[in-house]
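Observations on chain architecture
These are the residues of each chain, in order.
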Amino acid sequence: MTLHADDLVEAGLIDRGRLDEIRRVAQSFAVALTDHVAGLIDRDDPQDPIAAQFVPRAAELDSAPEERADPIGDDAWSPVAGIVHRHRDRVLFKPTLLCPVYCRFCFRREMVGQKGAVLRGAALDRAFAYIRENRDIWEVIVTGGDPFLLSPRRVREIVSALGAIPHVAVIRFHTRVPAVDPGRLSAALVAALATEKAVYVVVHANHPRELTPAMRQAVLRLLRAGIPVLSQSVLLRGVNDDPAVLEALFRGLVAMRVKPYYLHHADLARGTAHFRTSVETGQRLVRDLRAGASGLCQPTYVLDIPGGFGKVPIAASAIAQSAEGDGWVVEDGAGRRHAYLAPGVEIAREGAGGAVARAPSEPVA
Ligand code: SF4
């Protein structure tokens, strides 16, 4: 069952006194959460990190000057409905703008959950025709909304239409379903993904408490069908801006055989300032993660440049040119600095600031 704004009091997720506030938020942004998510929320904890992601707050009605309706510039790069073509070799394909839950920080929050948000008939044909006619498109990222909200029959139609386009080599689905409604990822839905082409699934999860046994089973169904599973997470104040939480999240995903792919810096969506950390905080958290956890647990920390200029990695660089101009200074996970000399530099030296240079043949400590 899906819970909407007026159901939240009955479900014990908000006090009746907050209902007006929630209704006002719901006039601007879609509100829904699943029974599964409601069951993960600790009602005794006013700071519960699961509730923070899905239960609306009055703070969403405040807009910061830097925030935008379309923070990553989807509209500017949309040649036909349902397609975003920002990069030469890949497109986003959005067959639906509906989701099983509406995340309070969503970067597409002013598009998702609208009536008529499913691409059908001639509009769907035009989207497929665009992909067919543009031979540089090597990868189609099926996103939304949440494409796994569609029926297995519709997912099968999409996979078979894309699979039949010779230049499309990779079909990548982005979904929140395994974390928020794992039972929906049925055997029939997994079977609908079958094609000769490479299919990847990227699951969205932000807190270790989302990694339930039911999610593990959903992921296993994908893995047993030979589908590689990656994850994306959003760095969110009050949810996962804590080194121990991030480490538990990424260790938990890897232990489920899910490779953490992206950690997104929260986008400038309207009414989401209360979720955004500073970039410096994100860089510190990512440095701590690198120092403390296996390389498998390291997603790329990225920022989508506002306006639609693409994602860029924004973790602090561990390497800088040496002041002497004879190579590089590299910082290890514990913050110690080491020399990495340019080819041909042979004279050992004690460098400033603790950097120690060695001949290129020597191992760096
Ligand atoms: S599931 Fe994805 S698209 Fe839907 S509301 Fe959450 S972040 Fe936005």
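The following paragraphs examine the structure supplied in this document. (Residues numbered from 1 in each chain as written. Predicted model: local features only at pLDDT ≥ 70, side-chain atom pairs only at ≥ 80, totals over all residues.)

1. Considerations on the pairing of strand 8 (residues 229–235)
- In terms of burial, strand 8 is a largely internal element, five of the seven residues being buried.
- One ladder, built from six bridges, connects strand 8 with strand 9 (residues 259–265); its direction is parallel. Among the inter-strand pairings, Ser-231 is bridged to a residue of strand 9, identified as Pro-260.
- Handedness of the crossover is the feature at issue here: the chain leaves strand 8, passes through helix 9 (residues 243–255), returns alongside strand 9, and the resulting connection is right-handed. (Buried ≥ 20, exposed ≤ 12 C-beta atoms within 10 Å, placed from the backbone. Helix = DSSP H or I, 4+ residues; strand = E, 2+ residues; numbered from the N terminus. Pairing = 2+ DSSP bridges. Right-handed = clockwise from strand over helix to strand, strands pointing away.)

2. So, the environment of Asp-15
- Of note, Asp-15 is situated in the loop between strand 1 (2–3) and helix 1 (19–28).
- Asp-15 gets classed as exposed once you count the C-beta atoms within 10 Å, which come to 9.
- Along the chain, Asp-15 and Leu-223 lie 208 residues apart, while their C-alpha atoms are 41 Å from each other.

3. Re the site of the ligand
- Close contacts around the ligand come from Cys-99, Tyr-102, Cys-103, Cys-106, Arg-108, Val-112, Gly-144, Gly-145, Asp-146, Arg-176 and His-204, and that covers them all.
- Its residues placed into classes, the shell around the ligand shows five nonpolar, three polar and three charged. (Near = placed C-beta within 6 Å. Nonpolar A, V, L, I, M, F, W, Y, C, P; charged D, E, K, R; others polar.)

4. Comments concerning the sheet that holds strand 10 (residues 300–304)
- Pairing within the open sheet is mixed, and its nine strands lie in the order 3-4-5-6-7-8-9-10-11. Looking at strand neighbours, the two that pair on one side only are strand 3 (83–87) and strand 11 (311–313), the edges of this open sheet. Averaged over all adjacent pairs, the angle separating strand axes in this sheet is 25°, with direction ignored.
- As paired strands, strand 9 and strand 10 are joined by three bridges and run parallel to one another. When the sheet's bridge partners are listed, His-264 is paired in strand 10 with Val-302. (Axes fitted to C-alpha atoms, helices over the stretch in contact; angles between N-to-C directions.)

5. Topic: the sheet that holds strand 13 (residues 327–331)
- Ordered by their spatial adjacency, three strands build an open sheet running 12-13-14, and the pairing between neighbours is antiparallel. Looking at the sheet topology across the chains shown, the edges are occupied by strand 12 (319–321) and strand 14 (337–341). Within this sheet the neighbouring strands show an average axis-to-axis angle of 30°, counted without direction.
- Note that strand 12 and strand 13 share three bridges and pair antiparallel.

So yeah, pure geometry; function would need other evidence.
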